[in-house]
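# Per-entry structural report
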Amino acid sequence: QALRTLVNYSSISGALMDFQLQAHGDLQVLSVTNISARGDVRRHILEEHLVTVDRILKTITGGKFSPARVTFDYPRPAWASLYTQIFNCHVDFDMQSNAYEFKTSMLDLDVLLSDPVTARACQQRCEEIVGQMSSAGSYVNQIRHLILMLPCRSRNLVSVAEEMNISSRSLRRKLAMEGVTFQGL
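Residues numbered from 1 in each chain as written. Predicted model: local features only at pLDDT ≥ 70, side-chain atom pairs only at ≥ 80, totals over all residues. Heavy atoms only, no water.

## Quick notes on the packing of helix 2 (residues 39-60) against helix 3 (residues 80-87)
Running from N to C, helix 2 and helix 3 cross one another at 20°; their axes reach a closest spacing of 10 Å. When the interaxial angle is binned, helix 2 and helix 3 end up roughly parallel. The segment helix 2 lies against helix 3, with R43, E47, L50, V51, D54, R55 and K58 engaging Y83, I86 and F87. Of the residues belonging to the contact of helix 2 with helix 3, the class tally is five nonpolar, no polar and five charged. (Axes fitted to C-alpha atoms, helices over the stretch in contact; angles between N-to-C directions. Helix = DSSP H or I, 4+ residues; strand = E, 2+ residues; numbered from the N terminus. Parallel < 35°, antiparallel > 145°, perpendicular 65-115°, else oblique. Contact = heavy atoms within 4.5 Å. Nonpolar A, V, L, I, M, F, W, Y, C, P; charged D, E, K, R; others polar.)

## Considering the environment of F102
You can see F102 is positioned in strand 5 (residues 98-103). A residue is classified by how much of its surface remains accessible, and F102, at 0% relative accessible area, is buried. Spatially, the C-alpha atoms of F102 and L150 are 34 Å apart, while their sequence positions differ by 48 residues. Sequence-distant contacts of F102, that is, excluding residues within four places in its chain, are made with L3, L21, D26, L27, Q28, F65, S66, P67, A68 and L107. (Buried < 20%, exposed > 50% of the residue type's maximum accessible area, 1.4 Å probe, protein only.)

## Side note on the pattern of salt bridges
Applying the stated criterion to the full structure yields eight salt bridges. The salt bridge partner of R69 is D92, with a shortest N-O separation of 2.8 Å. On the criterion of sequence distance, the pair formed by R69 in strand 3 (residues 69-71) and D92 in strand 4 (residues 90-92) is long-range, its members being 23 residues apart. In this structure R69 comes out as partly exposed when scored by relative accessible area, which is 24%. Its relative accessible area of 18% is what places D92 among the buried residues. Linking E101 and R69 is a salt bridge whose minimum nitrogen-to-oxygen distance equals 3.0 Å. Of the two residues, E101 is situated in strand 5 and R69 in strand 3; the sequence distance between them amounts to 32 residues. (Salt bridge = Lys/Arg side-chain N within 4 Å of Asp/Glu carboxyl O.)

Geometric values such as these leave the question of function open.
Pasting the structure below:
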């Protein structure tokens, strides 16, 4: 359930990529696609997200979760041995996809301290947020994406307006027409 939540709701967290979970024989493959960055930043984002997924899955299962293989679409870096130590599995580079593969049986592991009531409440809230995001116009989604791409110190109304080549007043007015405020984004 935790992986399905990641796949279904990662967009509301501001993730700079999409996740897909697919079955391939006795393996499940969590693929990372549509990465919104290039070069070293892209590699860093991929590494950070896959290591985070790995750490969360191992933590919520009491260390029982283990990947079968991790793949990256970029060339093998000089520090490749660290990947094997971190993921504790085989890691391949120069592959066609970025993926975290594991045996389907891992989906049956118990989640420590799971609470169905809290899980249901969180899922309902995620559904509400997804609904709000999809009801907002594509202009609002463009702005959200731009905000996520900017460095933290530049995530303000003036900087976003400058990036869009409009005045901050125009940006504020356009957002108001969509029924949202910059702070609300």
